[in-house]
Amino acid sequence: MHSLFPPPASPAPASISRRRTLQAMAAALAATTLPTQARAAANATRAVIGAAWRGPRASDPNFAGTLVADWAARTLSFGYTVPLPSRPHGLMAEADGGLLVCSARPGTWMLRCDGQGKVVTRIDVQGEGECRLGGHIIASADGEQLYTTETDFSTGKGKIGVRERRSLRKIAEWDTHGLDPHQLLLDAHGHLFVANGGIPRTPSDRKFDIHRMDASLVHIDTSNGSLLGKWKVDDARLSLRHMAWSRAPQDPDALLGIAMQAEHDLEAERRRAPILAVFDGNSLSIPTQENDGIGYAGDIAPALHDGFALSSHQADVANLWHPGLPERMRPIIELKAPYALSGWHGAQDGGGIVVATAYGLGSWHPSTPPNILPWPEAMALDNHWIVISEA
C-alpha cells in the first residue's frame, strides 16, 4: 500500500509483524475455540447499549434508544425508545446517557435525546445547502464541537461539517480530499482520521461511474482543516468504510483497523477480496487475504487485546484478526446476519465483543462461553451500536 501524502511527524509504531509474538497469538486463538450455541456466561455482567432498530419488515418504523442486557437473568429489555423520521446510521453516546443519532446516507437529519429518551435537539440539514450527511458523527477532543462526514452534491466532494455541540448548527466546513466520506475517528492529538469510501453517488444514493472510485484514508488537522496525510490501498475497487482503534489512540502501539467493502464488477473478484486494512501510524496495509467469502465487512470493533472483529452479515459470520498472526482470520461467531459490533469487557477484561444478530444480542469473550439474549420483541438492528456502560 502507498502513501499519497507524507505521514504526520510522529513516532511510528513497530511493524505489525513484530508487534506481538506468534506464541501469544496461538494461545489466544486456542481460547476462541468455543461452540457457537447460546450458553450462559460464567460470571454475570450487565451492559447498557445504545442502538438503532426497526421492526422485522423493511417498511417498519425506525427507532433509537437503549437496550439493557442482564446476563445473569438472561434478559434483554428496552431502556428508552425514540421514534425516528427515517433510517438512522451512526450513534454517539452522551454523558447523561442520551444519544446523538445521525440519519443514514444521504442523511438529512440529526437529533439528540437525553437519558430518558426525550428529544431535546433536532436539525434538518437541507436548510444548510447541498451537503448531505454521510452517516457518522463524533465530538471534538474538548467536547465543544461535533464533526460530521458529508457530501456536497453540487460538486461531489467529501466534506467534514464542523458543528456546535449544543445546537448542532454547522459553523465550518472542511474538505476530506476525497469522495464519499464515511466514518471518522479522533487520533491522540484530537485530529481526525476519515475513511473516504470513494464511491461516486447521486443525491438518491445510486452508485455510478464505479471505475472512478477513489477510496482513501485521510488525516485532517482539526485546528484548521488542513490535510496532514493521505493513504490508499493498491486495489482501487476496495471501499474504506468503518474504523476502530485496537486500543486508545494515545497508546503508541495502537492500530487503526478499517473495514472494507469490495466493488469489483465480477462477483468472483468480490468474493476473493480482502475485508481488512490496518494503519500502523506510518503505512496502510492489507495484512491478510483471508476474508468472509463475500468481500463485504459491515462493522469493526476492537477484540482480543489489539485485534479486530469484523462482522459480515451477508456471510453470516464475524471474524477475528490479530497482529500476532497477521496473515490469518478466524471465525468467532457463526449466526445469521451478525452486524452491529462493539468492544465489550465482559466478565473480565480480555477484549470481548457484543454483536447484533438475527436472533438477538450475542456476546463473545476469549475467557467465557458465548451467549445470546433474544430480542425483547421482533426487530431488526441497524448497522451500529455502542456500549454505554457495563456493570
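Whatever comes next refers back to the structure up there.
Rules behind the numbers
- Residues numbered from 1 in each chain as written.
- Predicted model: local features only at pLDDT ≥ 70, side-chain atom pairs only at ≥ 80, totals over all residues.
- Heavy atoms only, no water.
- Helix = DSSP H or I, 4+ residues; strand = E, 2+ residues; numbered from the N terminus.
- Contact = heavy atoms within 4.5 Å.
- Areas by Shrake-Rupley, 256 points an atom, 1.4 Å probe, with all protein chains shown as cover.
- Pairing = 2+ DSSP bridges.
- Axes fitted to C-alpha atoms, helices over the stretch in contact; angles between N-to-C directions.
- Phe/Tyr/Trp six-rings, centres within 6.5 Å; stacked < 30°, edge-to-face > 60°.
- Buried < 20%, exposed > 50% of the residue type's maximum accessible area, 1.4 Å probe, protein only.
- Salt bridge = Lys/Arg side-chain N within 4 Å of Asp/Glu carboxyl O.

What follows is about the overall build of the protein. Along its length, the protein carries 3 helices and 29 strands. Sequence separation of at least 24 residues holds for 51% of the intrachain contacts in the protein that already meet a minimum separation of 6. With an accessible surface of roughly 15500 Å², the protein has 50% of that area assigned to carbon and sulfur atoms.

With that settled, the discussion passes to the pairing of strand β12 (residues 170–175). Pairing geometry for strand β11 (residues 157–164) and β12, over 5 bridges, is antiparallel. Looking at the pairing, G161 lines up with E173 of β12. Counting the residues between successive antiparallel strands, the hairpin from β11 to β12 contains 5 residues, one of them, L168, with a positive phi of roughly 70°.

Another point: the sheet that holds β12. With respect to topology, 4 strands assemble into an open sheet ordered β9-β10-β11-β12, the strand pairing being antiparallel. Two strands lie at the open edges of the sheet, namely β9 (131–139) and β12, each paired on one side alone. The average undirected angle you get between the axes of adjacent strands in this sheet is 25°. Bridging between strand β10 (residues 145–152) and β11 involves 8 bridges; their strand directions are antiparallel. Across the sheet, the residue bridging to T148 is G161, located in β11.

Here we take up the packing of aromatic side chains. Counted according to the given criterion, the structure contains 10 aromatic pairs. When the centroid spacing of 6.5 Å and the interplanar angle of 45° are considered together, the rings of F193 and W231 count as tilted. Taken together, the positions of F193 in strand β14 (residues 192–196) and W231 in strand β16 (residues 227–232) put the pair 38 residues apart, joining distant regions of the chain. For F193, a relative accessible area of 4% gives the class buried. Put simply, the rings of F193, W231, W245 and F279 pair up and form one aromatic cluster.

With respect to topology, 4 strands assemble into an open sheet ordered β21-β22-β23-β24, the strand pairing being antiparallel. The two strands at the open ends of the sheet, each matched to only one other strand, are β21 (299–303) and β24 (330–333). Ignoring strand direction, the axes of neighbouring strands in this sheet form an average angle of 35°. Pairing of strand β22 (residues 307–312) with strand β23 (residues 317–321), which is carried by 5 bridges, proceeds in the antiparallel orientation. Across the sheet, the residue bridging to S312 is V317, located in β23.

Right, let's talk about the environment of A277 for a bit. Along the chain, A277 turns up in strand β19 (residues 276–279). For the pair formed by A277 and P287, sequence separation is 10 residues and the distance between their alpha carbons is 6.8 Å.

Most of the time, phi is negative for any residue but glycine, and the peptide bond is trans. The omega torsion of the bond from R105 to P106 falls at -10°, within 30 degrees of zero and hence cis. Within the fold, P106 resides in the loop between β6 (99–103) and β7 (109–113). Residues other than glycine seldom take positive phi values, yet L304 does so here, at roughly 55°. On the secondary structure map, L304 appears in the loop between β21 and β22. Positive phi outside glycine occurs at H305, with the angle close to 50°.

Under the counting rule described, the total for this entry stands at 20 salt bridges. Among the ionic pairs, R201 bridges to D205, the shortest N-O distance being 3.4 Å. Taking the relative accessible area as the measure of exposure, R201 reaches 13% and is therefore buried. Here R271 makes a salt bridge to E267, at a shortest N to O gap of 2.8 Å. With a gap of 4 residues between them, R271 and E267 both fall in helix α3 (residues 267–272), about one helical turn apart. Among the charged side chains, a salt-bridge network with shared partners connects R105, D180, R201, D205 and R241.

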